[in-house]
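So the chains spell out like this:
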Amino acid sequence: FRLSSLIGHISTCPSLIGQCCQRHPGSVDEFQEELVIRPLHSGDIYASFQFRTLWDTDFLQEGQKVSHYRLFPKSLGQVLSKFSVRELHISFTQGFWRTMQWGQPFIPSPPGAELWVWFHDTVSDVDGNWKELTNVLSGIFCASLNFIDLTNTVQPSASFKPLGLGNATDHRFLRYATLPREIVCTENLTPWKKLLPCGSKAGLAVLLKSEKLFHSSFHSQAVHIRPVCQDEQCTSKAWELRQTLNVVFDLYTAGQGKKAFRSSIYLNCGKTGELFELSPATPLLSQAVVLGDRRTYSVFDLTRAETFGQLRSLNLLLRWKGDGGEMLRPLLHAERYVAGFGLQTGEIHTVIYNNHPYRAFPVLLMDSVPWYLQLYIHTLTVTSKSRDNKPSYIHYQPAKDRHRPHLLEMLIQLPPHSMTEVTVQFERALLKWTEYTPDPNHGFYVGSSVVSALVPSMVAMSTNFTQDQPLFSSFVPVKEESSYFVRVYTEPLLVNLPTPDFSMPYNVICLTCTVVAVGYGSFYNLLTRTFQVDEPSLPLAKRLANLIRRIRGVPLLT
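Residues numbered from 1 in each chain as written. Predicted model: local features only at pLDDT ≥ 70, side-chain atom pairs only at ≥ 80, totals over all residues. Heavy atoms only, no water.

Q: What is the right way to look at the overall build of the protein chain in this model?
A: When its secondary structure is counted, the protein chain shows nine helices and 27 strands. Going through the 558 residues of the protein chain one by one, you find that 49% of them count as buried. For the protein chain, the accessible surface area stands at approximately 27800 Å², while carbon and sulfur atoms represent 53% of it. (Helix = DSSP H or I, 4+ residues; strand = E, 2+ residues; numbered from the N terminus. Buried < 20%, exposed > 50% of the residue type's maximum accessible area, 1.4 Å probe, protein only. Areas by Shrake-Rupley, 256 points an atom, 1.4 Å probe, with all protein chains shown as cover.)

This is the structure we're talking about:
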């Protein structure tokens, strides 16, 4: 297949396709972009775009005000400053990432919309800032984030830690929410592209064509903002804006600016010549350790003229050589489903797989369940290999009807090569008739469970977070060489609730109107109608005789 048939045709000259905004003179603001292409064992193509903008400022310091923006989008900068945001992570995903068929993604995300924010410790009214922030972000990204309120917001105590500078452990300044039913469309992609320094007019962003991106099996776009160090000694700080877009293409259905500081395409080629033949070949090869596995990538540097050749365009042609053997199973995988029958009670099953042959490791499971599913925590069971597995840490915050959801966090030790099942029973609540959605028989969505873990690595990991390395391998900082951090999301649940017959009010209205019309109409007629005695008319012969008599002036016949 040709890559250009999937994500667009790069037909501009090297001075355009590698162009966008570079380091700004007089500052260390810079912009980087990368595209990673990974052929999957299922025959699909995984394309991961990453755009990184570094902003050399620290407006969280007292008295620090920012009025001039270079590469960083002003709309987000003002949001961070106004609401005292330390970290912001937001994603919009259409489809579900199939871990067992595709492996682990570079940056995971659940179906629908996900938003989690760390506020600065000087914020006094966190809930107020959170409510205003969701409304502002709803306008920026043209999404339904304004439906996030206290009924679907939780404060995780251990599952979500800051990914940037700072060791914030006070979860009072953390808010997390999901909208599993959020639909992602072009109206969300357009404002996302406008956050780039040059929009979609230059660089890799010219490939982001809506008709191609949304005709795919999986699509996820995200924005991550956090403070980072600019050197290994952390003598200077900066704000990092990382925009990611991950797409899985199904092969069967399937401007002007300043030159960028770095613009590259990474093609995951595995072992040379094992899966496919690449044309044109590139002499630039790079090795990176991603998700505990060392992989080899063919690198296309879009800032070099020789990358495009005489035709001044770049077309990548892959010829498959076979099935490529079996895919390595991910070391950590999770799934969830609802069991039971009827509309009164049920049971939530969360299954976590540890596919490592001989290493056990702990995982942190977080569940946020809406208030209308009343959990029975005394029925909570955790089993591994048909034996009870007692969690070493449990944090549970019960729900309040129409105010907040359930929050359950557990630290569970997974035995090697095992399947661990977590079950809990619940009872369905009966909502008010005004609380049902327009299509209540479709069901109600429950957000994905979140599984966080430090998974043993097959190869040594680099702990230098600030060195020059590909963007897709440097999002989560590594603190140990022998393990790497993984976050896995399960499927969202679709639960049916007891639903009244909404056609009954219509029937009652029709019957009531009929009774009123017939009864009141008859009674009104009786009250307002006047009655008169109608005398019988004379026969025709008498009427003619009376006519003659009237002419002659004689008395009329009676």
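What follows continues from the structure just given.
Q: Is there a simple way to explain the state of the cysteines in this structure?
A: Each disulfide consists of one covalent bond between the sulfur atoms belonging to two cysteines. A full pass over the atoms with the stated rule returns zero disulfides. A disulfide-free cysteine, C142 has its sulfur positioned 9.7 Å from the sulfur of C185, the nearest such atom. For C142, a relative accessible area of 39% translates into the label partly exposed. (Disulfide = S-S within 2.5 Å.)

Q: Can you walk me through a nonpolar patch on the surface in this structure?
A: A contiguous nonpolar patch, built from V516, Y520 and Y524 and spanning about 340 Å² of accessible area, is present on the exposed surface. In this structure, Y524 sits in helix α8 (residues 504-528). (Patch = residues over 30% accessible without salt bridge, like charges linked within 9 Å, V, L, I, M, F, W, Y side chains within 5 Å. Salt bridge = Lys/Arg side-chain N within 4 Å of Asp/Glu carboxyl O.)

Q: Quick question: what am I supposed to make of the nonpolar core here?
A: Across soluble globular proteins, nonpolar side chains show a tendency to be buried alongside one another. Counting 72 residues, the largest nonpolar core has F49, L88, F119, L133, L145, V223 and I225 as its most contacted members. Aside from chain neighbours lying at most four places away, what touches F119 is F83, S84, V85, R86, V126, N129, W130, L133, F173 and R175. (Core = buried A, V, L, I, M, F, W, Y, C linked by side-chain atoms within 4.5 Å. Contact = heavy atoms within 4.5 Å.)

Q: Which parts of the structure should I look at to understand helix α3 (residues 74-83)?
A: An α-helical turn contains 3.6 residues, so any two residues separated by three or four positions project in the same direction. Among the residues of α3, those classed as buried are L76, G77, V79, L80 and F83. In an axial view of α3, the angular spread of the buried residues amounts to 160°, which keeps them on one side of the axis. Contact partners of the buried residues in α3: β3 (45-55), β4 (85-94), β5 (112-119), α5 (126-141), β8 (218-229) and β9 (237-249). S84 lies just past α3 and shows a positive phi near 55°. (Arc of directions from axis to C-beta.)

Q: Would you mind showing me how to read the pattern of salt bridges here?
A: Side chains bearing opposite charge may pair, as long as their charged atoms lie close to each other. Tallying each qualifying case throughout the model produces eight salt bridges. Here D127 ties to R175 by a salt bridge, and the two come within 3.0 Å at their closest N and O atoms. One end of the pair, D127, is in helix α5; the other, R175, is in strand β7 (residues 174-179), with 48 residues separating them in the sequence. Looking at D127, the relative accessible area reads 33%, which means it is partly exposed. By relative accessible area, R175 is classed as buried at 5%. Between E240 and R242 there is a salt bridge whose closest N-O contact spans 3.0 Å. Linked by salt bridges that have partners in common, R52, R226, E240 and R242 make up one network.

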